[in-house]
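Each chain, written out:
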Amino acid sequence: MDSMTFVLFGATGDLAKRKIFPALYNLFLDEKLAPNFSIVGSGRSPMEQEEFSEYVEQSLKTFSRREDNDSRMKEFLSFIRYMAVDVTQKDEYAQLLDLVTSREKELNLPENRLFYLSVAPQFFDVIASNIQQSGLGSTKGWKRLIIEKPFGHDLPSARELNAKLSKSFEEEEIYRIDHYLGKPMVQNLEAIEFANPILQALWNKRHIANVQITASEIVGVEERAGYYDNSGAIRDMIQNHMLQMMMLTAMHIPEKVSANGIREEKKKVMEALRPLNPENINTDVIRGQYSSGEIKGEKVIGYIDEPGIERTSKNDTFIAARLWVDNEMWEGVPFYLRTGKRMTEKSTRIVIEFKDPLRGVYKDEAGNALPNLLTIEINPNAGVSLQLNSKNLLNEGKVEPINVMFYSNEENVPEAYELLIHDALLGDPTFFAHWNEVELAWKWVQPILDAFEADTAPLHHYKAGSMGPEASDKLLAENGFKWW
Ligand code: NAD
């Protein structure tokens, strides 16, 4: 691991407090940072160094997965400095550069600098440009930029942002965070598909009937009304996280299992994705919004009654979609995505339903077919299970599904932000979104945004506490399937 300076913009924000500082601290405790490094935090508010150190200490005590260790914590805090900078003011970067270089000299660090933009997206381009113009980006070592989501609001704004960033950073230097790509089971997908010859042999249209990716939440809009009402499930979940999980599930084995190999294969999946048009949007995409209901015995209000939401809002709090990957490997296999708020359970999972060549010779008592299912559970549990069929001798020898399961119950596994920051420090972009993927994802989503904007797509209401509107079940029933 190279010695470096970690420059954090937005160091007094919510994400820095809950995720970024604890991630850096845990990497430090695990000796995954170089012995010598510097962290420079900046935010809008003026703060004395001591006050900032106490603030970070509090964040570590509250949010770090590791137990308190006073002396190690003091040592970690000694590497951190704070400076208030208004990121929109070009002149203020000179003093930040002074602080960064003086710490580099003091700690005898090479000029390797990682800039993390944990600020509102309207600042992404201005900060990147000011880093370059101020000289902060003119390093003798490497420079990298980690950028938070959202990357654009639609296809034109994402392209515009990328064009601006690429004036100051090369594509190889830009690490676009998609924290789902940091979740251990998502990082494990490639191994499940490719390191198991028996699954690898089955991973195609001959044996797989359909793929279902679900990310359901129990919570409603919470305090994020302003953001969420302008973004909806389509921008908040589908364009990034859901399509990323779909790409990883549908990709071919790369010739070389490397960052470039994997990203190239993911891009090919997106290129093969059947585009949406005004006709298939209404048959293949379901827009939903929660109305009042009950979750775990508790009554909850509907979306339009939430504080900060206009009663006329048609925002999507739920999306289900049917996708077709028109290539050799997946022709004719539907991929279903489903995500929403105020649903029955909190769960992120990928279910692969295998074909049943015996066409239901074996059925359960209710006469339903018993397909083999491979379930990859991502959140809140991490694990894999395979549903097979077996005779139950205690029940008159009837055939019943059994599950072969592996659940990772190891405590204290590294969090997504830890894994991702570590990769970025190593210069490994495998689990970051390449511009090609982001652009192709926006391209696929754009007709949906247009249809929602023009209000030509129906809005289906669903009861809070359910698994979404009926139309979402019909989407699968049309092909003879159901959600698992
Ligand atoms: P926040 O509002 O809590 O913090 C924003 C930070 O930006 C603060 O440190 C503030 O001082 C700084 N800032 C604002 N205006 C500034 C200016 N003119 N000059 C200098 N600094 C300025 O935001 P957050 O929730 O921490 O989110 C940060 C980024 O992370 C956003 O892009 C957000 O979309 C993304 N994100 C956040 C979360 C989360 O859970 N909080 C999750 C995923 C992505």
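- As recorded in an unreviewed UniProt entry, the protein chain goes by Glucose-6-phosphate 1-dehydrogenase and comes from Heyndrickxia acidicola.
- Taken verbatim from the UniProt record of the protein chain, the Function (unreviewed entry) comment is "Catalyzes the oxidation of glucose 6-phosphate to 6-phosphogluconolactone."
- In its Sequence similarities (unreviewed entry) section, the UniProt record describing the protein chain reads: "Belongs to the glucose-6-phosphate dehydrogenase family."

**Notes on helix H14 (residues 470-477)**
Okay, so step 1: Among all positions of H14, only Ala 471, Ser 472, Leu 475 and Leu 476 are buried. Along the axis of H14, the buried residues cluster in a sector spanning 145 degrees; they form a single face. Exposed and facing more than 90 degrees away from the buried side of H14 are Glu 470 and Lys 474.
Okay, so step 2: Structurally, H14 contributes buried residues whose contacts are with strand S7 (208-216), helix H11 (278-284), strand S8 (285-291), strand S11 (318-324), strand S12 (334-340) and strand S17 (459-463).

**Some details on the site of the ligand**
Okay, so step 1: Lining the immediate environment of the ligand, one finds 20 residues, of which Thr 12, Asp 14, Arg 18, Val 119 and Lys 149 sit closest.
Okay, so step 2: Asp 86 places a side-chain nitrogen or oxygen 3.1 Å from a nitrogen atom of the ligand.
Okay, so step 3: With respect to the ligand, the backbone of Lys 149 contributes an N or O atom lying 2.8 Å from an oxygen atom.
Okay, so step 4: Summarising the interface, the protein chains cover 75% of the accessible area of the ligand, which totals 830 Å² for the free molecule.

**With respect to the environment of Asn 36**
Okay, so step 1: For Asn 36, the position within the fold is in the loop between helix H1 (14-29) and strand S2 (38-43).
Okay, so step 2: A residue is classified by how much of its surface remains accessible, and Asn 36, at 27% relative accessible area, is partly exposed.
Okay, so step 3: Sequence separation between Asn 36 and Met 4 is 32 residues, and the spatial gap between their C-alpha atoms is 7.7 Å.
Okay, so step 4: The contact partners of Asn 36, leaving out residues within four places of it in the chain, are Ser 3, Met 4, Phe 79, Leu 107, Asn 108 and Leu 109.

**Let's talk about the pairing of S8**
Okay, so step 1: Across the seven residues that make up S8, a large majority, six, are buried.
Okay, so step 2: Bridging between S8 and S11 involves four bridges; their strand directions are antiparallel. Across the sheet, Gly 288 pairs through a bridge with Phe 318, a residue of S11.
Okay, so step 3: Sheet topology note: the S8/S17 ladder contains five bridges and is parallel. If you follow Arg 287 over to S17, its bridge partner there is Leu 459.

**A look at the confidence of the model for the protein chain**
Any region with low pLDDT has predicted coordinates that should not be read closely.
Okay, so step 1: Looking at the protein chain as a whole, its pLDDT mean stands at 94, while 100% of the residues score no less than 70.
Okay, so step 2: Predicted complex, confidence summary: ipTM 0.98, pTM 0.95.

**What about the UniProt feature "binding site: substrate" (unreviewed entry) in the protein chain?**
Okay, so step 1: Within this numbering scheme, the UniProt entry marks His 179, Lys 183, Glu 217, Asp 236, Lys 341 and Lys 346 as carrying the feature "binding site: substrate" (unreviewed entry).
Okay, so step 2: Positionally, His 179 belongs in the loop between strand S6 (174-176) and helix H7 (184-194).
Okay, so step 3: Note on His 179: relative accessible area 23%, which makes it partly exposed.
Okay, so step 4: Checked against the element boundaries, Lys 346 lands in the loop between S12 and strand S13 (347-354).
Okay, so step 5: Residues contacting Lys 346, with those up to four places away along its chain left out, are Ser 216, Glu 217, Ile 218, Asn 379 and Pro 380.

**As for the sheet that holds strand S1 (residues 5-9)**
Okay, so step 1: Taken together, six strands build an open sheet; the order of strands is S3-S2-S1-S4-S5-S6 and the sheet is parallel. Of all strands in the sheet, those bounded by a partner on one side alone are strand S3 (80-84) and S6. Geometrically, the sheet is characterised by an average inter-axis angle of 20 degrees between neighbouring strands, direction not taken into account.
Okay, so step 2: The pairing of S1 with S2 spans five bridges and is classified as parallel. Bridging from a neighbouring strand, Val 7 pairs with Val 40 of S2.

What counts and how
- Residues numbered from 1 in each chain as written.
- Predicted model: local features only at pLDDT ≥ 70, side-chain atom pairs only at ≥ 80, totals over all residues.
- Heavy atoms only, no water.
- UniProt positions renumbered as here; feature names shortened; annotations may be inferred.
- Buried < 20%, exposed > 50% of the residue type's maximum accessible area, 1.4 Å probe, protein only.
- Helix = DSSP H or I, 4+ residues; strand = E, 2+ residues; numbered from the N terminus.
- Arc of directions from axis to C-beta.
- Contact = heavy atoms within 4.5 Å.
- Near = heavy atom within 4 Å.
- Polar contact = N/O pair within 3.5 Å; in protein donor to acceptor, adjacent residues only side chain to side chain.
- Areas by Shrake-Rupley, 256 points an atom, 1.4 Å probe, with all protein chains shown as cover.
- Pairing = 2+ DSSP bridges.
- pLDDT = per-residue confidence, 0-100.
- Axes fitted to C-alpha atoms, helices over the stretch in contact; angles between N-to-C directions.

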